[in-house]
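Given next are the chains, with one letter for each unit.
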Amino acid sequence: MTTRTALCLLGHVLLAVASIAAAAASDAGKIGICHGRVGSNLPPPSAAAALLKQNGITRARLFLPDPAVLPAFAAAGIDLMVGVPNENLTFLAASGPEGAARWLRSAVLAHAPAERVRYLAVGNEVLYNNQFYAPHLVPAMRNLHAALAALGLGGRVKVSSAHASSVLAASYPPSAGAFDAASLPVLRPMLQFLADTGAPFMVNTYPFISYVNDPANVQLAYALFGAGAAPVHDGALVYTNMFDATVDALVAALEKEGFGAVPVAVTETGWPTAGHPAATPQNAAAYNAKIVERAARGVGTPKRPGVPVEVFLFDLYDEDGKPGPEFERHFGIFRADGRKAYDINFA
């Protein structure tokens, strides 16, 4: 290799590193909010969009391409993660890029301009509770990406899928993080797709629910970013909260599969205000405020210090139509009248 060739290659490497650093820096200070719609008293989409804008929030996750919500949020300048419902996966997997393009144009781009769409989240927690759709997940992702590429949007709109944190079979200590073996036939081609397209691995993580499920072994302070949480030592790394530990367990799992460079995005996290003794407005304020503050500083995690983790808080409003335990209906950061459910600042 000549000196000139070596310098050229070094230049390409430095440019790539700079690009990754710039992309990570662009996410610092940015927080998104999920807008679930399983409620009977939700404000109109225009009011929800205005509320986000008033609070300086420029990113939102929509769980489906609602034709009433998409134009209202796009008009307010909100960048969108648009969910592709699980029930659409069989069609999108079987119809090829042409069928995916038809769906994309009619379901999404007919209601929101492409410049407002940042992600397609293809399916939600498919490997957790919708195994019927699992074989269709990666083919649907590939077809949607091919459709976007044909429209000149392949580099702008990233395609991924949101997973439950139970996609990890092991997560303690974080360095032991490993994917559930039963999910690997789907995950391995998906990870290759994410690496090839520069899309993040998406995960929904709730330290609150981990605490509820096992309060004897999970400190409330550790789940809550609380002062006085007993630290967890993992080799040279020290963890003082479950959020960091979960993200880094996922990073460890990615590394074990040979995809340690794939970024991680947290597509849902939050803390409820009612329905459990630990679900209080004070605890919700403490947890969510810490998530916002960390996003603003771009602190990353012990395993990836200085690499911001893009986060979407759950939820914009309470959703009284959600099934499950009572606390599931009380994640709203705002009341239906636009007042904050507790004191939190997004600036």
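Residues numbered from 1 in each chain as written. Predicted model: local features only at pLDDT ≥ 70, side-chain atom pairs only at ≥ 80, totals over all residues. Heavy atoms only, no water.

- Under an unreviewed UniProt entry, the name given to the protein is Glucan endo-1,3-beta-D-glucosidase, and the organism recorded is Miscanthus lutarioriparius.
- In its Sequence similarities (unreviewed entry) section, UniProt records this for the protein: "Belongs to the glycosyl hydrolase 17 family." (UniProt positions renumbered as here; feature names shortened; annotations may be inferred.)

Here's the deal with the pattern of salt bridges
Part 1 of the argument: Applying the stated criterion to the full structure yields 14 salt bridges.
Part 2 of the argument: The shortest N-O distance in the salt bridge between Glu293 and Lys290 comes to 3.6 Å. With Glu293 and Lys290 both in helix H12 (residues 281-297) and three residues apart, the pair spans about one turn of that helix.
Part 3 of the argument: A relative accessible area of 27% places Glu293 in the partly exposed class.
Part 4 of the argument: Among the salt bridges present, the one from Arg339 reaches Asp337, with a minimum N-O distance of 2.7 Å.
Part 5 of the argument: With a relative accessible area of 54%, Arg339 lands in the exposed category.
Part 6 of the argument: One network of salt bridges, with partners in common, ties together Arg59, Arg118 and Glu310. (Salt bridge = Lys/Arg side-chain N within 4 Å of Asp/Glu carboxyl O. Helix = DSSP H or I, 4+ residues; strand = E, 2+ residues; numbered from the N terminus. Buried < 20%, exposed > 50% of the residue type's maximum accessible area, 1.4 Å probe, protein only.)

Concerning the nonpolar core
Part 1 of the argument: Of all hydrophobic cores here, the largest spans 114 residues; its most connected members are Phe73, Leu120, Val122, Phe179, Phe201 and Phe346.
Part 2 of the argument: If you tally residues by element for this core, the top one is helix H11 (residues 242-256), at nine residues.
Part 3 of the argument: Residues within four places of Phe73 in sequence aside, it is in contact with His35, Pro45, Ala48, Ala49, Leu52, Ala60, Leu62, Ile78 and Leu80. (Core = buried A, V, L, I, M, F, W, Y, C linked by side-chain atoms within 4.5 Å. Contact = heavy atoms within 4.5 Å.)

What about the packing of helix H7 (residues 134-150) against helix H8 (residues 184-197)?
Part 1 of the argument: The interhelical angle for the contact between H7 and H8, taken along N-to-C directions, is 15°, at an axis separation of 9 Å. Taken together, H7 and H8 sit at an angle that is classed as roughly parallel. The element H7 and its partner H8 pack so that their crossing is left-handed. Contacts between H7 and H8 pair Ala134, Leu137, Val138, Met141, Arg142 and His145 from the former with Val186, Pro189, Met190, Phe193, Leu194 and Thr197 from the latter.
Part 2 of the argument: Looking at the contact of H7 with H8 residue by residue, the class counts come to nine nonpolar, two polar and one charged. (Axes fitted to C-alpha atoms, helices over the stretch in contact; angles between N-to-C directions. Parallel < 35°, antiparallel > 145°, perpendicular 65-115°, else oblique. Left-handed = near helix turned anticlockwise from the far one by under 90°. Nonpolar A, V, L, I, M, F, W, Y, C, P; charged D, E, K, R; others polar.)

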